[in-house]
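Each chain is listed here by its residues.
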Amino acid sequence: MAVWDDLVGQDRVASQLTAAARDADALVTAEAAGGGRPVSQDAADDSAASAASSASSKMTHAWLFTGPPGSGRAAAARAFAAALQCVSPDRALGGAPGCGFCEGCHTTLVGTHADVEVVRTDLLSIGVKETRDLVRRAQLSPAGGRWQVIVLEDADRLTEGAGNVLLKAVEEPAPRTVWLLCAPSLEDVLPTIRSRCRLLTLRTPPVDAVADLLVRRDGIEPELAASAARATQGHIDRARRLATDERARARRAAVLKLPLRIDDVGGCLKAAQELIDAAAEDAKQVAEETDAKETEELRAALGAAAGTGGRLPRGTAGAMKELQDRQKRRATRTQRDSLDLALTDLAGFYRDVLALQFGSRTALANTDVQDALERIAVGSKPERTLRRIEAVRACREALDRNVAPLLAVEAMTMALRAG
């Protein structure tokens, strides 16, 4: 299948990227035919000049993919990276790059292509040191592929210093290097960087299209796939997790019971503590899966004696401390992400309540708890529901400002009770 098949409901974006990939392919092919000289300088070859003109209008060295969570920003960037590295012979017959089967496409999609660097972070931010390493990588010529491609999936997590480091590389790009940045919105990227990128905006995929993808690609039962896609309102990754992870479904069910459990102050405080404990348990599970393996691998690389209690060689304690600090930051990020997911589900619950109160024909996301939705809708007014949605939003913003999670969630549950 073509690399674009996983771009659910993004036909316009796929069309733009296909056109850019065609021009990029023509540019590299013409340059190779000209003996490696830049196409714009090969005046003797009219077709090469034509390719350069076309490439300048549809292909550029820096792209910014924006869109709401779950829209498939990273998937679009990886698909474009694969199309840029496509070596399918069908291209010579007029076929579009991005076949999905050739060595260039396959190795890019599975993450083993030597000239494609995919950067994602499980930490709260991307710092200057990591960004400088990327910039140095971007200055290299392709080792074997057609382009040097840097995919930065979390461009919104760049610190201000890291953004300034990246700006220099985007301003003065190396030949045959392409930057693919992903962020939720334009405001999440420095204005100086986004002004030098070509913008592609993705939309939330239709629920039916997400359900079809889960059935087609992941083998999920149609009924479960439809339920997961509807519950997550088209968020592809969350829908997949909900459809494949029983624990995720159990946690969501617990969150959706919260509005019925905050009749008094004690219920509010208990519900808040349970949300925090569930998020902490998520972080603990991730840590158990990865921390021990990372620690043992580093100990082995540093030459420590066999076994977890073996002595580290002199002068290597700093490396171990750095790893431990990184693991703590990852645990914090995991806990916040899990808590934010719960708050998103909670906001979706009250959104359905509001739809019932206004008699809207909008499809409900949480039909599995419709009795609770109707009970809350009958027992309150739309004004109170709007204030509750605002309380959830305020809690998410407080967490972004590093307010203590328990305090933020307790304030939210009290506000939900008051309406």
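Note: the structure precedes this text.
In this text, all values refer to a predicted model and were calculated from it rather than measured experimentally. (Residues numbered from 1 in each chain as written. Predicted model: local features only at pLDDT ≥ 70, side-chain atom pairs only at ≥ 80, totals over all residues. Heavy atoms only, no water.)

Each helix and strand counted, the chain has 16 helices and five strands in total. Oriented by its inertia axes, the alpha-carbon framework of the chain measures out at about 80 × 65 × 40 Å. Pairs at least 24 residues apart make up 71% of the contacts formed inside the chain by residues separated by at least 6 positions. On the chain, roughly 20800 Å² of surface is accessible, and the fraction owed to carbon and sulfur atoms is 53%. Charge centroids of the chain, computed over 56 positive and 58 negative side chains, lie 3 Å from each other. (Helix = DSSP H or I, 4+ residues; strand = E, 2+ residues; numbered from the N terminus. Contact = heavy atoms within 4.5 Å. Areas by Shrake-Rupley, 256 points an atom, 1.4 Å probe, with all protein chains shown as cover. Lys, Arg positive; Asp, Glu negative; His and termini not counted. Charge placed at Lys NZ, Arg CZ, Asp CG, Glu CD.)

Peptide bonds are, in most cases, trans, and in most cases residues other than glycine have a negative phi. One non-glycine residue with positive phi stands out, namely Arg176, at about 60°. Looking at the element boundaries, Arg176 is found in the loop between α6 (160-171) and β4 (177-183). With a relative accessible area of 24%, Arg176 lands in the partly exposed category. At Gln233, a position not held by glycine, the phi torsion is positive, near 55°. Along the chain, Gln233 falls in the loop between α9 (222-231) and α10 (236-244). Exposure remark for Gln233: the relative accessible area of 33% places this residue in the partly exposed category. (Buried < 20%, exposed > 50% of the residue type's maximum accessible area, 1.4 Å probe, protein only.)

In this section: the state of the cysteines. In protein structure, a disulfide is the covalent linkage between the sulfur atoms of two cysteines. Scanning the model with the defined rule gives zero disulfides in all. Sulfur of Cys86: no disulfide; nearest cysteine sulfur belongs to Cys105 and is 3.7 Å away. With no disulfide of its own, Cys395 has Cys268 as its nearest cysteine by sulfur position, at a separation of 13 Å. (Disulfide = S-S within 2.5 Å.)

By the definition in use, this model includes 25 salt bridges. Between Glu171 and Arg196 there is a salt bridge, and its shortest N-O distance comes to 3.0 Å. Note that Glu171 is positioned in helix α6 and Arg196 in the loop between α7 (191-194) and β5 (198-201), a separation of 25 residues in sequence. On the basis of relative accessible area, Glu171 is assigned to the partly exposed category, the value being 37%. Overall, Arg196 belongs to the partly exposed group, its relative accessible area being 32%. The residue Arg238 makes a salt bridge to Asp345 at a minimum N-O spacing of 2.5 Å. Of this pair, Arg238 sits in helix α10 while Asp345 sits in helix α13 (residues 317-357), and the two are 107 residues apart along the sequence. Residue Arg238 shares its accessibility class with Asp345, and that shared class is buried. The network of salt bridges with common partners includes Asp6, Arg217, Asp218, Asp237 and Arg240. (Salt bridge = Lys/Arg side-chain N within 4 Å of Asp/Glu carboxyl O.)

Once that is clear, we can look at the packing of helix α12 (residues 265-302) against helix α16 (residues 405-418). Two elements in contact, α12 and α16, have axes whose closest approach is 8 Å; the angle formed by their N-to-C orientations is 140°. In terms of their interaxial angle, α12 and α16 are classed as oblique. Along this stretch, α12 crosses α16, giving a crossing that reads as right-handed. Taken together, the residues of α16 that come into contact with α12 (itself represented by Val265, Cys268, Leu269, Ala272, Gln273, Leu275 and Ile276) are Pro405, Leu406, Val409, Glu410, Met412, Thr413, Met414 and Arg417. A class-by-class count of the residues in the contact of α12 with α16 yields 11 nonpolar, two polar and two charged. (Axes fitted to C-alpha atoms, helices over the stretch in contact; angles between N-to-C directions. Parallel < 35°, antiparallel > 145°, perpendicular 65-115°, else oblique. Left-handed = near helix turned anticlockwise from the far one by under 90°. Nonpolar A, V, L, I, M, F, W, Y, C, P; charged D, E, K, R; others polar.)

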